[in-house]
Amino acid sequence: MKILFLFILIFHISHVNADEIYNLIKIPNLEIYKLKNDNNIRYLSAKDNFKIGVNKNISCDKVNINNLNSKFPLIEKNLNRYNSNFLKKIKLKYIVFCENLFISEINTGGIPNHKNRTLILDINFNKKYFERMMHHEIFHMIQNTHIEYFDEDKFSSFNLTSFNYAECSTCSDRLNLDLYEKTDGFLTEYSKSIPSEDMAEIFSFLMTDKEIIEYKINSDKILNNKVNFIKLILAKIDKNIL
Amino acid sequence: MIKTIKASKSEKILFIFLICLSIFAFTSFFLLKNKCLFVEKNNLNKLNFNDPDNIAVMNVECGNVIIELYPDISPKAVERFKILIEQKMYDGSAFYKVSENTFVQAGDIEYGNINNLDYSKIGSGKSGMGLLKSELSNDFKFTEGSVGFARATEFNTEDSEFFITLKEIPIYQGEYTPIGKVVYGLDILTKIKTGNKVFYVLRPDYIKTFRMFNSN
């Protein structure tokens, strides 16, 4: 009986639906959620748990369709702010919905992959930061597809010389996403992790709370320089995005 | 002295039943093993086409699959496809990637020929003719029997591999270069050996010959 149970469990865990969507974006166990959209983005959802990546280090669970249905209008509203031309430039075509997204056992809100033109979103990510998280991850796609524009050394030089970023985004404990009352060059604690996360945080606030940022930069020269840096580059990519 | 024992009536019936059962089992085994038994063969001599120059005939284990090519939609891809057919480079090409009732894929010239299968490299082979630019069409729908050029994750990496859809796959619209459509013999493709839940097929079925209709 135990062997039978083990067999069923192994089959369940390792079940991979080798289908047409897997063939296209190399993520198993997906189904179409919404295909036709004005900006040509295609929404897919996990019908079963999946593991992908190097040593299967990315894992995510299947979506509860009622949960997704309730969150989809907000997601769509935010993603509709990007036109098809811009999405083509940043190589984003597929949004994959799943729950409890982990990368190397660290819970994350989204994982962008411009090579597969895919952004995986955890629909259970903290409600408080959810909208901002989407734009944050989209920034990474912008940066990864226009890497020549985003000079991280130049961006880092806006900081005080005494400040140092961490080695990587997950090798520090600077993870808080709340907006600082007194910014001092950084919008959140997570901004202090690495330059690309700092940029992504700025972009996400510009997309969701532009007025607050415009107010903050009046009294924060470092932040002002950083915001202008991001705005200037984005204008080169697409004049209408901000 | 050996005494002859006469079989009872019930024993005779049982004996006849066993013989019938074994005959039935024997014939069934051979009939069921023949996956092509109920597949309609397409006799080329009885078929007529409006544009025979753009008709290709792929012969596989169960018969002929007739494909109409669409040079108006993707001229470069169709041109490449015709060259590969005319040079007989698809002969022996394995259907190494098959998703049951979804699609079949073949055409790896370098590592996917049945006489020289390299399982470790299959799917990465080249034709030696260089990569093609994707010719995508937002209007072409990948319905049942559509033929498309396969590619790597990136666009503009089409070479020789192609796939045929066995059902409508709306998500492929605008994603793959269309080559044509199966006009006869789609049921033949459903008989191609699958990998059972995995893409890659061990000891795969293969293309016997692939010719342009006019060269037959």
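Residues numbered from 1 in each chain as written. Chains lettered and ligands numbered in written order. Predicted model: local features only at pLDDT ≥ 70, side-chain atom pairs only at ≥ 80, totals over all residues. Heavy atoms only, no water.

**Concerning the overall build of chain B**
1) Next: Along chain B, the regular secondary structure elements total 3 helices and 8 strands.
2) Next: Start at the N end of chain B and walk to the C end: the helices and strands fall as α-β-β-α-β-β-β-β-β-α-β.
3) Next: The C-alpha atoms of chain B give 23 Å as radius of gyration, which overshoots the globular expectation for 216 residues (17 Å, by more than 25%).
4) Next: Here chain B holds 216 residues, and the buried ones make up 47% of them.
5) Next: Long-range pairs, those at least 24 residues apart, make up 68% of the contacts in chain B with a sequence separation of at least 6.
6) Next: Of the roughly 12,100 Å² of accessible surface on chain B, 55% is carried by carbon and sulfur atoms.
7) Next: Averaging the locations of the 26 positively and 25 negatively charged side chains of chain B gives two centres separated by 13 Å. (Helix = DSSP H or I, 4+ residues; strand = E, 2+ residues; numbered from the N terminus. Rg over C-alpha atoms; globule rule 2.2 N^0.38 Å. Buried < 20%, exposed > 50% of the residue type's maximum accessible area, 1.4 Å probe, protein only. Contact = heavy atoms within 4.5 Å. Areas by Shrake-Rupley, 256 points an atom, 1.4 Å probe, with all protein chains shown as cover. Lys, Arg positive; Asp, Glu negative; His and termini not counted. Charge placed at Lys NZ, Arg CZ, Asp CG, Glu CD.)

**A closer look at the interface of chain B and chain A**
1) Next: Contacts between the two partners involve 19 residues from chain B, matched on the other side by 19 residues from chain A.
2) Next: With both chains or domains summed, chain B and chain A bury close to 1,600 Å², and 53% of this area falls on carbon and sulfur atoms.
3) Next: At the surface where chain B touches chain A, the tally comes to 3 salt bridges.
4) Next: The residue K167 of chain B makes a salt bridge to E20 of chain A at a minimum N-O spacing of 3.1 Å.
5) Next: Taken together, the residues of the side of chain B that touches chain A sort by class into 9 nonpolar, 5 polar and 5 charged. (Buried area = accessible area lost by both parts, 1.4 Å probe. Salt bridge = Lys/Arg side-chain N within 4 Å of Asp/Glu carboxyl O. Nonpolar A, V, L, I, M, F, W, Y, C, P; charged D, E, K, R; others polar.)

**Remarks on the packing of aromatic side chains**
1) Next: Within this structure, the stated rule accounts for 32 aromatic pairs over all chains.
2) Next: Taking the centre distance of 6.0 Å and the plane angle of 90° together, the rings of Y33 of chain A and F97 of chain A count as edge-to-face. Here Y33 of chain A is found in strand β1 (residues 30-34), whereas its partner F97 of chain A is found in strand β5 (residues 94-103), with 64 residues between them in sequence.
3) Next: By relative accessible area, which is 22% here, Y33 of chain A ends up partly exposed.
4) Next: Overall, the relative accessible area of 0% leaves F97 of chain A in the buried class.
5) Next: Between F103 of chain B and F163 of chain B the ring centres are 6.5 Å apart and the planes differ by 70°, which places this aromatic pair in the edge-to-face class. Placement of the pair is F103 of chain B in strand β4 (residues 103-106) and F163 of chain B in strand β6 (residues 162-165), with a sequence separation of 60 residues. Here F103 of chain B matches F163 of chain B in class, with each residue buried.
6) Next: An aromatic cluster of at least three residues, connected via ring pairs, comprises Y70, F103, F140, F142, F163, Y172 and Y176 of chain B.
7) Next: Seen from the ring of F186 of chain A, K226 of chain A lies directly overhead, with NZ or CZ sitting 3.8 Å from the centre.
8) Next: The side chain of R151 of chain B reaches across the aromatic face of Y176 of chain B, ending 4.8 Å from its centre. (Phe/Tyr/Trp six-rings, centres within 6.5 Å; stacked < 30°, edge-to-face > 60°. Lys NZ or Arg CZ within 6 Å of the ring centre and 35° of its normal.)

**Digging into the confidence of the model for chain B**
1) Next: A residue-level look at chain B finds 95% of positions with pLDDT of 70 or above and a mean pLDDT of 91.
2) Next: At the level of chain-chain contacts, confidence expressed as ipTM amounts to 0.83, with global pTM at 0.85. (pLDDT = per-residue confidence, 0-100.)

**Thoughts on the sheet that holds strand β2 (residues 63-69) of chain B**
All names here are of chain B.
1) Next: Strand order in this open sheet of 8 strands is β3-β4-β6-β5-β7-β2-β1-β8, and the pairing throughout is antiparallel. Looking at which strands have only one partner, the edges of the open sheet turn out to be β3 (97-99) and β8 (209-212). Taken pair by pair, the neighbouring strands of this sheet meet at an average axis angle of 25°, ignoring direction.
2) Next: Relative to strand β7 (residues 177-184), strand β5 (residues 146-149) runs antiparallel, the two being bridged by 4 bridges. When the sheet's bridge partners are listed, F149 is paired in β7 with T177.
3) Next: Seen against the sheet, helix α2 (residues 75-86) touches β1 (55-60), β2, β5, β6, β7 and β8 and runs at an angle of roughly 120° to β8. (Pairing = 2+ DSSP bridges. Axes fitted to C-alpha atoms, helices over the stretch in contact; angles between N-to-C directions.)

**A short note on the state of the cysteines**
Residue and element names in this part refer to chain B.
1) Next: For the coordinates displayed, the defined rule picks out 2 disulfides over all chains.
2) Next: Residue C36 pairs covalently with C62 via a disulfide, S to S 1.9 Å. When the S-S torsion is -70°, as for the bridge of C36 with C62, the disulfide is left-handed. Of the two residues, C36 is situated in the loop between α1 (9-33) and β1 and C62 in the loop between β1 and β2; the sequence distance between them amounts to 26 residues.
3) Next: Overall, C36 belongs to the buried group, its relative accessible area being 8%. (Disulfide = S-S within 2.5 Å.)

**A look at helix α5 (residues 130-145) of chain A**
1) Next: Taking 1.5 Å as the rise per residue, α5 of chain A with 16 residues should run 22 Å; its terminal C-alpha atoms sit 23 Å apart, in good agreement.
2) Next: For α5 of chain A, the buried fraction is high: 14 of the 16 residues fall into the buried class. (Expected span 1.5 Å × (residues − 1).)

**Here we look at the packing of helix α3 (residues 65-79) of chain A against α5 of chain A**
All names here are of chain A.
1) Next: Put simply, α3 and α5 touch, their axes get as near as 10 Å, and they point 40° apart. On the basis of their axis angle, the class for α3 and α5 is oblique. When the axes of α3 and α5 are compared, the crossing they make is right-handed. Taking contact as the criterion, the partners of L74, I75, K77, N78 and L79 in α3 are, on α5, F130, E131, M134, H135 and I138.
2) Next: Classifying every residue of the contact of α3 with α5 by side-chain character gives 6 nonpolar, 2 polar and 2 charged. (Parallel < 35°, antiparallel > 145°, perpendicular 65-115°, else oblique. Left-handed = near helix turned anticlockwise from the far one by under 90°.)

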